[in-house]
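What follows is the residue order along each chain.
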Amino acid sequence: MKGGAEGYGVGRSVRRKEDDRYMRGKGEYVGDIRLAGMRELAFVRSPLAHARIGNIRKPAGHEDRVFVAADLIGVKPIVANSGLPGFKSSAQPILAHDKVRHVGEAIAACVAATRAEAEDLAAAVEVDFEELPAVVDMLAARMPGAPLVHEHWGDNVFLESRVEADLSEIRRTAPVVVRRTLRTARQCMSPLEGRGVVALYDRRLDQIVLHTATQIPHIIRTGLAGCLGVSEENVRIVAPDVGGGFGYKGMLLSEEVCAAFLARHLGYPVRWLEDRREQLSGNANCREHHYDIMAYADRDGRLIALDAAATVDTGAYSIYPFSACLESAQVASILPGPYKFDAYRCITWSSATNKPGLVPYRGVARAGVCYAMETMIDAIAHAVNKEPYEVRLRNLVQPEDMPFDNITKKHFDSGDYPECLRRVVEAIDLPAIRRKQKDSADASVRIGVGFSIFCEQGAHGTSVYYGWGIPMVPGFEQAVARLTPDGGLELRVGIQSHGQGLETTLAQIANEVLGIPVERIRVVHGDTAVTPYSTGTWGSRCIVMAGGAVATACRELGQRIARIGAHLLQVPSGNVQVGKGLVSSGVASVRIEEVARTWYLRPQELPKDVDPGGLEVTSGYKTVRDTGTFSYAAHAVVVSVDTEMGDVRILDYALCEDGGVLINPMIVDGQVCGGVAQGIGTALYEEMPFDDHGQPLATTLADYMLPGATEVPMLRIDHMQTPSPYTAFGQKGIGEGGAIGPPAAIANAVNDALRPLGAEINQLPITPHRVLEALAASRLKVSA
Amino acid sequence: MKPAVFSLEQPVSVAQLMQSGEGRIVAGGQSLGPMLNFRVAQPSHVISIAQIREFSLVEETEDAVIIGACVTHAAIADGRVPDIGKGILPAIAQGIAYRAVRNRGTIGGSLCHADPAADWLCTMTALGAAVLTLRPDGGRTIPLTTFVLGPFRNALQPGEIVQAVRVPKASPEARWGYYKACRKPGEFAHAMAAVFLDPARDIHRAVIGAVGGAPIVLEGSDVRIESAERALLQSGLDEIGRIMQLAALRRAMEQAA
């Protein structure tokens, strides 16, 4: 780690290059693209959660502008299978035909000059439905006799998986047993920019060009080509500026396939921009878990065993590419968290329901898993009458254990978890809070403090993913580094940067290697035509994988620059260094610009043995081990709970994050803050309820509560920087961690405040209504 | 969502308005706008009254302030409109939704929309305000207690519109309390209560809003929790909802004590 504010390389809080356009409202999003002759799409969407489709009548005189499934000739449904044994396959139609399986599923596409006119057309399409009973609850879905989302399955379970262990002896002998059932809400990821598509057909290249707000352009190309039945060289995906993703834009959309088909079929560009109603009512959701967990411990609070049953409400379809297995498989493999214990049993089910498909959201299963595990740790602490942080310290993996393989074979690369926890316990000043609680024991507004600690696996690769057998397995990450004739540097990467600041951090890495000023470095991303293949931006992987690839490519480029530079300096090529924008040998040096000019413009001056590859390098990169980096964090929060109104307010929030070596500490802080805001949403606000018929009940932003500026407190962020031994600079992925810790810490804090009243809440979000319900239930218990 | 097609008329005077055909009135558009976009409302003709100068006038008399229907929440929040005393009107207006909504939303529009959770509906009822209407044969004064018939239903007749709101001034010794519970600042309230005690004018009034229908009004000796409990039993709110409303009322009463 470098001290001081000098320089632009690794470890510096360089201002974000991309912010100039973002902050001035000059980004170029899909919605900003205007093409000659472009028309708008609006979809006829199902008003019912589960129904057979009868006749569809197009409005008279407009038949050629309304498209139903039968019109999409040669188009195949979206299928995302997992290779895990027992996985049941779903086929998500591009336009529904035989039946609809969730509210908002697209049935017909209408084309008009404006969106309003396209919506007029959509309103005039008549669809006959025969309504079927809906499967709404993930637990009821597993019951015998439940209506079937996919009839041929015989049940509603995408996948059941078991981590087995014989716990009979522990059950007999463990001195402490605690049990909790927990539920997290279905959420709707809500990036500022919704999804959006502009599709056109390029006759010259015989290529469908799809501009789409996606995190994973190369994966979309593969999926889209498969659905359309065309070769991948006939498809180009362009993700321009993308206004936030979080996972919401990490899937192949039926709308993308439909728009691409229509652009080619109609011969003019078409556009679909998702509106908030489509996003909230009909498109993919996230986060909905149910847990039933028994924890066994000794009288000191040492965890002996965990016995868990978890259900994930996966919705109607397996989404591409992550599939309906990812979330529940992750639950089973990461529930033990950063704790050391020896016996673990976990059964998980991925339930199919008549709701939109479930998409991994920032942290994927971790936010729910951390909430579940940390609730259990608090429960053990109370059972053995100790401070919850002490029980955590007793069970955490120790620094001397590193690297550490936990009970589910997760390989922790490095870190000091107890130190991380100790720091937040100190930062939040626990003794002061305990005193305050004593002094205000009779107040109607009560204070509570809660902790959570967790790890975040990032940048995991082939060995982790191939076992799941899903349509995507990350391998080598590639980057192109090329000098321009005037000595600038272009980096081309297959990921997509949509808020992560990678246009800056990748430039910092290149600057670290070559010393070229960051303002002369252009990061090109998000376009399959000009970037090397990548699985894209997900799983906190980019700074490790794309960062590693950029470093590797720049080092190779540096060697080629050195060879030419040495020739210009008339010294042996072993005698020069590349850095600070120069090739130097002792006091003599030549600028990299001169090297570039020599290659491109004065080839007569090149050495005879010059590398004919020139000043353009494509290189691939993998971490030393592909089991992932393990960043981790501890969160501590103080809340007040108004026991009359049920309001929860956050009074103080301190956290300590270890992301290994930070490429840009300012950007990391930004990632943490944004993640925590979303975690607060999970904890206190965000919920998409459904009625018994599968109707979504929070279909506007007046009903679906997102945290805003007034709900997010000033965070006190501390950092540890334990390098990962497996990455280029010791960096670890940290993109998701902020969102993982808050639900657990906040729920523990609320329950800490309510405990003297005998109330406990085991469901997210913690709404005023739920707080008052829990208090009413505890009063009933007392009076009974 | 984009609105279905409609025609728009923008009269700039009451005289012009009287020449207008039938249509849906829009003032600040903070409720009708989204309803049009969601196609919940599909009027073929919309008449914007936002440009009518007479509707933005404010008049102060000895015992009341008369606020034009198209005066915005922001104008009241910023003190650009005379207060009725005690800083009551700016305090209410400052808590309405978000600044962007306050900049366009109007007091007359809010009352006519009759959303049970609206700030003005609850507080103006407590303050004893009345709307002054305009119709071809002149107009009338309707106290807010009878203006709102139920959720999103008002007592206006076809062709009749609200031109102003008359708010009586508070005595110097009047006391006042207002509490609303929202998930977030600026969101719709899920419990709200206003208490106005002006013994000099023999007014003892508590109003509970956000009850799903017209606000609950408690007068005189009924300004107490037990009466509110009884009234809330008829409201259709569940037990938790009633607990919240009573807590809001208690807090408004404490403020006014």
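Keep in mind it's a predicted model, so treat the numbers as computed, not measured. (Residues numbered from 1 in each chain as written. Chains lettered and ligands numbered in written order. Predicted model: local features only at pLDDT ≥ 70, side-chain atom pairs only at ≥ 80, totals over all residues. Heavy atoms only, no water.)

Asker: Before we move on, can you summarise the overall build of chain B with the specific residues and values?
Answerer: Secondary structure assignment for chain B yields ten helices and 14 strands. Taken against the 2.2 N^0.38 rule, which gives 18 Å for 257 residues, the C-alpha radius of gyration of chain B at 18 Å falls within 12% of a compact globule. C-alpha atoms of chain B, sized along the principal axes, occupy 50 × 45 × 35 Å. The burial tally for chain B puts 51% of its 257 residues in the buried class. Long-range pairs, those at least 24 residues apart, make up 60% of the contacts in chain B between residues at least 6 apart in sequence. Separation of charge centres in chain B, based on 25 positive and 24 negative side chains, amounts to 6 Å. (Helix = DSSP H or I, 4+ residues; strand = E, 2+ residues; numbered from the N terminus. Rg over C-alpha atoms; globule rule 2.2 N^0.38 Å. Buried < 20%, exposed > 50% of the residue type's maximum accessible area, 1.4 Å probe, protein only. Contact = heavy atoms within 4.5 Å. Lys, Arg positive; Asp, Glu negative; His and termini not counted. Charge placed at Lys NZ, Arg CZ, Asp CG, Glu CD.)

Asker: With reference to specific residues and values, describe the pattern of salt bridges.
Answerer: Scanning the model with the defined rule gives 72 salt bridges over all chains in all. The residue A:Arg179 makes a salt bridge to A:Asp292 at a minimum N-O spacing of 2.7 Å. Here A:Asp292 lies in strand 13 (residues 289-297) and A:Arg179 lies in strand 8 (residues 176-183), a separation of 113 residues in the sequence. Across the pair B:Asp78 and B:Arg99 runs a salt bridge, and its minimum N-O distance is 3.0 Å. Residue B:Asp78 is located in the loop between helix 3 (73-77) and helix 4 (88-94), and its partner B:Arg99 is located in helix 5 (residues 99-104); the two are separated by 21 residues in the primary sequence. According to the relative accessible area criterion, B:Asp78 is partly exposed, its value standing at 40%. (Salt bridge = Lys/Arg side-chain N within 4 Å of Asp/Glu carboxyl O.)

Asker: So what's going on with the pairing of strand 6 (residues 130-134) of chain B? Residues and values would help.
Answerer: Consecutive residues of a regular strand have side chains that alternate between opposite faces of the sheet. Residues and elements named next belong to chain B. Of all five residues in strand 6, five are buried, a share of seventy percent or more. Side-chain alternation along strand 6 places Ala-130, Leu-132 and Leu-134 on one buried face and Val-131 and Thr-133 on a second face that is also buried. Where strand 6 and strand 7 (residues 141-143) come together, three bridges link them in antiparallel fashion. Directly across from Ala-130, in strand 7, lies its bridge partner Pro-143. Counting the residues between successive antiparallel strands, the hairpin from strand 6 to strand 7 contains six residues, one of them, Gly-138, with a positive phi of roughly 125 degrees. The pairing of strand 6 with strand 10 (residues 161-168) spans five bridges and is antiparallel. Of the residues in strand 10, the one forming a bridge with Val-131 is Val-165. (Pairing = 2+ DSSP bridges.)

Asker: Please give an account of helix 19 (residues 768-783) of chain A that cites residues and values.
Answerer: Taking 1.5 Å as the rise per residue, helix 19 of chain A with 16 residues should run 22 Å; its terminal C-alpha atoms sit 23 Å apart, in good agreement. Where helix 19 of chain A is buried, its residues contact strand 26 (629-642), strand 27 (648-658) and helix 18 (737-754) of chain A together with strand 12 (189-198) and helix 10 (239-256) of chain B. (Expected span 1.5 Å × (residues − 1).)

Asker: Break down the sheet that holds strand 24 (residues 588-591) of chain A for me, citing the residues and quoting the values.
Answerer: Residue and element names in this part refer to chain A. Taken in spatial order, the three strands line up as 22-23-24 in an open sheet, and their pairing is antiparallel. A single partner strand is all that each edge strand has here, and the edge strands are strand 22 (577-579) and strand 24. Neighbouring strand axes in the sheet, compared pairwise and without regard to direction, differ in orientation by 25 degrees on average. Strand direction decides the pairing type here: strand 23 (residues 582-585) and strand 24, joined by four bridges, are antiparallel. The partner of Leu-582 across the bridge, within strand 24, is Arg-591. Contacts from helix 16 (residues 592-601) reach strand 22, strand 23 and strand 24 within the one sheet, and its direction differs from that of strand 24 by about 60 degrees. (Axes fitted to C-alpha atoms, helices over the stretch in contact; angles between N-to-C directions.)

Asker: So what's going on with the sheet that holds strand 12 of chain B? Residues and values would help.
Answerer: Strand-to-strand pairing in sheets goes through backbone hydrogen bonds, with the strands running parallel or antiparallel. All names here are of chain B. Ordered in space as 11-12-13-14, the four strands form an open sheet in which the pairing is antiparallel. The open sheet terminates on both sides in strands that have one partner only, identified here as strand 11 (175-182) and strand 14 (216-219). Along the sheet, successive strands turn relative to each other by an average axial angle of 10 degrees, direction set aside. Sheet topology note: the strand 13 (residues 203-209)/strand 14 ladder contains four bridges and is antiparallel. Counterpart to Ile-208 in the pairing with strand 14 is Ile-216. On top of the sheet, helix 7 (residues 119-127) reaches strand 11, strand 12, strand 13 and strand 14; it is set at about 20 degrees to strand 12, its chief contact.

Asker: Could you give me a rundown of the side chain of A:Asp292, with the residues and numbers involved?
Answerer: Reaching out from A:Asp292, the side chain makes a polar contact with the side chain of A:Arg179 at a distance of 2.7 Å. Apart from the residues lying within four places of it in its own chain, the contact partners of A:Asp292 are A:Arg179, A:Arg180, A:Thr181, A:Asp307, A:Ala308 and A:Ala309. (Polar contact = N/O pair within 3.5 Å; in protein donor to acceptor, adjacent residues only side chain to side chain.)

Asker: An account of the interface of chain B and chain A is needed here, citing residue identities and associated values.
Answerer: Across the boundary between the two partners, chain B contributes 23 residues, which contact 27 residues of chain A. Of the roughly 2,100 Å² buried where chain B meets chain A, counting both sides, 58% is carbon and sulfur surface. Looking at the side of chain B facing chain A, the largest losses of area belong to B:Arg183, B:Lys184 and B:Ile240, adding up to 29% of the total buried there. For the pair chain B and chain A, the number of links is four salt bridges. (Buried area = accessible area lost by both parts, 1.4 Å probe.)

Asker: Which residues make up the domain arrangement of chain A, and what values do they have?
Answerer: Residues and elements named next belong to chain A. Assigned domains within chain A: domain 1 (19-27 + 476-621), domain 2 (33-132 + 195-242 + 249-282) and domain 3 (289-462 + 625-783). Of note, the centres of domain 1 and domain 2, computed from C-alpha atoms alone, are 39 Å apart. If you look at the interface, domain 1 gives 19 residues, while domain 2 gives 16 residues. Summing both partners gives a buried area of about 1,400 Å² for domain 1 against domain 2, and 48% of it is carried by carbon and sulfur. Our count for the domain 1 to domain 2 interface comes out at two salt bridges. The partner of Asp-527 in a salt bridge is Arg-236, and the shortest N-O contact between them spans 2.7 Å. (Domains from an automatic or database assignment.)

Asker: An account of the domain arrangement of chain B is needed here, citing residue identities and associated values.
Answerer: Domain boundaries in chain B define domain 1 (7-48), domain 2 (55-168) and domain 3 (175-256). On a C-alpha basis, the centroid separation for the pair domain 1 of chain B and domain 3 of chain B is 33 Å.

Asker: Tell me what's going on with the packing of helix 10 (residues 388-395) of chain A against helix 11 (residues 417-428) of chain A, and back it up with residues and numbers.
Answerer: Residue and element names in this part refer to chain A. At a minimum axis distance of 10 Å, the contact between helix 10 and helix 11 shows a crossing angle of 165 degrees. As far as their axial angle goes, helix 11 and helix 10 are roughly antiparallel. The hand of the helix 10/helix 11 crossing is left-handed. Seen from helix 10, the contacting residues are Tyr-389, Arg-392 and Leu-393; seen from helix 11, they are Pro-418, Leu-421, Arg-422 and Val-425. Tallied by class, the residues present in the contact of helix 10 with helix 11 amount to five nonpolar, no polar and two charged. (Parallel < 35°, antiparallel > 145°, perpendicular 65-115°, else oblique. Left-handed = near helix turned anticlockwise from the far one by under 90°. Nonpolar A, V, L, I, M, F, W, Y, C, P; charged D, E, K, R; others polar.)

Asker: Kindly report on unusual backbone geometry, identifying the contributing residues and their values.
Answerer: Working note: non-glycine residues mostly have negative phi, and peptide bonds are mostly trans. The linkage connecting A:Tyr320 with the following residue, A:Pro321, adopts the cis geometry, with an omega of 5 degrees. Here A:Pro321 shows up in the loop between strand 14 (303-315) and helix 8 (326-334). The peptide bond linking A:Met402 to A:Pro403 adopts the cis configuration, its omega dihedral lying at -10 degrees. You can see A:Pro403 is positioned in the loop between helix 10 and strand 16 (404-405). In this structure, A:Phe246 takes a positive phi of about 65 degrees despite not being glycine. With respect to the helices and strands, A:Phe246 occurs in the loop between strand 11 (235-238) and helix 6 (254-266). For B:Phe152, which is not glycine, the phi torsion reads 60 degrees and is therefore positive. Assignment of secondary structure puts B:Phe152 in the loop between strand 8 (148-150) and strand 9 (153-154). Owing to a relative accessible area of 47%, B:Phe152 belongs among the partly exposed residues under this scheme.

Asker: Can you explain empty space enclosed by the protein? Please cite residues and give values.
Answerer: Residue and element names in this part refer to chain A. In the structure shown here, the tally under the stated rule is six cavities of 30 Å³ or more. Lining the largest cavity are 21 residues, and of these Gln-92, His-102, Ser-254, Gly-282 and Asn-283 sit closest to its centre. Broken down by class, the residue content of the lining of the largest cavity amounts to ten nonpolar, seven polar and four charged. Here the lining of the largest cavity spans two domains, and each of domain 2 (33-132 + 195-242 + 249-282) and domain 3 (289-462 + 625-783) adds at least three residues to it. (1 Å grid on protein atoms, 1.4 Å probe; cavity = no way out; pocket = protein on both sides within 12 Å on 5 of 7 lines; lining within 4 Å. Points joined across faces, edges and corners; volume = space filled by probe spheres on them.)

Asker: Account for the environment of A:Glu164, naming residues and giving values.
Answerer: Residue and element names in this part refer to chain A. Mapped onto the elements of the fold, Glu-164 is located in the loop between strand 7 (157-163) and helix 4 (168-173). Here Glu-164 falls in the partly exposed class, since its relative accessible area comes to 46%. Spatially, the C-alpha atom of Glu-164 lies 63 Å from that of Arg-591, the residues being 427 residues apart in sequence. With residues up to four places along the chain from it excluded, the contact list for Glu-164 reads Tyr-344 and Arg-345. Of note is the side chain of Glu-164, whose polar atom sits 3.2 Å from the side chain of Arg-162. Side-chain polar atoms of Glu-164 contact the side chain of Arg-345, separated by 3.0 Å.

Asker: Would you mind going over the state of the cysteines in detail, with residue names and values included?
Answerer: Residue and element names in this part refer to chain A. Overall, the coordinates contain zero disulfides over all chains when judged by the stated rule. Looking at the unpaired Cys-188, the closest cysteine sulfur is the one in Cys-286, lying at 7.0 Å. Here Cys-420 is not cross-linked by a disulfide; its sulfur's nearest cysteine counterpart is in Cys-656, at 3.8 Å. (Disulfide = S-S within 2.5 Å.)

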